[in-house]
Amino acid sequence: MIAAASLFLAACGKKPITSSSTGFWDHTILYNLSQFIIWLSHVFGGYGMGIIMITLIIRIIILPLMIYQTRSMRRMQEIQPQLSALQKKYKSRDTATQQKLQEETRKLYAEVGYNPVSGCLPLIVQMPIIWALYQAIYRTAALKTGSFLWMQLGDRDPYFILPILAAVFTFISSWLSVKSQPESNSMNAVMVWGMPVIIFFTAVSVPTALSLYWVISNAFQAGQTLLIQNPWKINREREERETAKRDQAKAKQRAIKKARRSRRR
């Protein structure tokens, strides 16, 4: 779906966006978005600030979706030990065993209310937004030639500072998410170390305006993760639950021993 959307939007043209632009994408989406960014730029003092403000507005709008994703991820983290146990139980690669594994996994997901698709929703929502932002800036003369600090918004960051910041905030956000998981695996390592690398090299090759969007967006994501998915709080609560379970198990064993001694008497 993302690839198809990208191909469709890429074919929407490269002509400058003006008030005379026509069509749903060029006029309704891109022109109005560019004018809104320009208005924000006048209000907050510069085109760079306009990009920052539109980024914050977008992040606030999709915040409920991100909270939903975070809660789904927490459910997934809590059942990770059970998933690992199922994978060990049904480790054979024959068709029947794999079908049984999928069936048991679906049952486990249903029990905790986890939807595997939830992790993709923020990405699917943000892809058209990122592309619209890119085209609105690149095809609007005022934004493309605008400046912010040492950078031209339509050109790449000559000192790679924004790509580095985007990668750093991506790392922090990913690290915070993984730190709250009860078990670590190779996919966690790929997410923590791989995503910042991908973001860095992507940010290096795109206009500064888009790199700025990623810096602010990922910084917002890191702060959001720390507030909503605080790993130290989650791990402390998990340890308290495990301690309570062990205490209950010990109390149960003591009660059983006591009952057995009473019977012997």
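Residues numbered from 1 in each chain as written. Predicted model: local features only at pLDDT ≥ 70, side-chain atom pairs only at ≥ 80, totals over all residues. Heavy atoms only, no water.

Let us now look at the pattern of salt bridges. Following the criterion strictly, the structure yields two salt bridges and no others. A salt bridge links K107 to E103, with the shortest nitrogen-to-oxygen separation between them at 3.5 Å. Of this pair, K107 and E103 are both found in helix α6 (residues 95-112), four residues apart, which corresponds to roughly one turn of the helix. The closest approach of N and O atoms between K107 and E104, which form a salt bridge, is 3.9 Å. With K107 and E104 both in helix α6, this residue pair falls three residues apart, about one helical turn. The partly exposed category is assigned to K107, whose relative accessible area is 41%. (Salt bridge = Lys/Arg side-chain N within 4 Å of Asp/Glu carboxyl O. Helix = DSSP H or I, 4+ residues; strand = E, 2+ residues; numbered from the N terminus. Buried < 20%, exposed > 50% of the residue type's maximum accessible area, 1.4 Å probe, protein only.)

So, about the side chain of S34. Within the secondary structure layout, S34 lies in helix α2 (residues 24-44). A polar contact is formed between the side chain of S34 and the backbone oxygen of Y31, at a distance of 2.7 Å. Those residues in contact with S34 that sit more than four places away from it in its chain are I17, A136, T140 and L143. (Polar contact = N/O pair within 3.5 Å; in protein donor to acceptor, adjacent residues only side chain to side chain. Contact = heavy atoms within 4.5 Å.)

Okay, the UniProt feature "transmembrane region" (unreviewed entry) in the protein chain next. Using the residue numbers shown here, the UniProt feature "transmembrane region" (unreviewed entry) corresponds to residues 37-67, 158-178 and 190-216. Across residues 37-67, the secondary structure splits into 90% helix and 0% strand, with the terminal C-alpha atoms separated by 26 Å. This span, residues 158-178, is 86% helix and 0% strand, and a straight line between its end C-alpha atoms measures 32 Å. (UniProt positions renumbered as here; feature names shortened; annotations may be inferred.)

With their axes 10 Å apart at the nearest point, helix α5 (residues 80-89) and α6 run at an angle of 165° to one another. The angle between α5 and α6 falls in the class roughly antiparallel. Remark: the crossing between α5 and α6 carries right-handed chirality. Contact with α5, carried on its side by Q82, L83, L86 and Q87, involves L101, E104, T105, L108 and Y109 of α6 and no other residues of that element. Per-class residue counts for the contact of α5 with α6 are five nonpolar, three polar and one charged. (Axes fitted to C-alpha atoms, helices over the stretch in contact; angles between N-to-C directions. Parallel < 35°, antiparallel > 145°, perpendicular 65-115°, else oblique. Left-handed = near helix turned anticlockwise from the far one by under 90°. Nonpolar A, V, L, I, M, F, W, Y, C, P; charged D, E, K, R; others polar.)

What follows deals with α2. Compared with the 30 Å implied by 1.5 Å per residue over 21 residues, the 28 Å span of α2 between its first and last C-alpha is a close match. Those residues of α2 that sit buried are W25, D26, L30, Y31, L33, S34, I37, I38, L40 and S41. Just downstream of α2, G45 is the residue with a positive phi angle, here 90°. (Expected span 1.5 Å × (residues − 1).)

Counting 34 residues, the largest nonpolar core has I37, I51, I54, L133, L212 and W214 as the members making the most contacts within it. At the level of secondary structure, the elements contributing two or more residues to this core comprise α2, α3 (47-61), α7 (121-138), α9 (161-179), α10 (186-204) and α11 (208-228). With near-sequence residues (within four places) excluded, I37 lies in contact with G50, I51, I54, L133 and L143. Among the nonpolar cores identified, the runner-up in size contains eight residues, and Y90, L108, Y109 and Y114 belong to it. (Core = buried A, V, L, I, M, F, W, Y, C linked by side-chain atoms within 4.5 Å.)

A positive phi angle, near 60°, is found at F160, a position not held by glycine. Structurally, F160 can be placed in the loop between β2 (151-152) and α9. The exposure class of F160 is partly exposed, given its relative accessible area of 40%.

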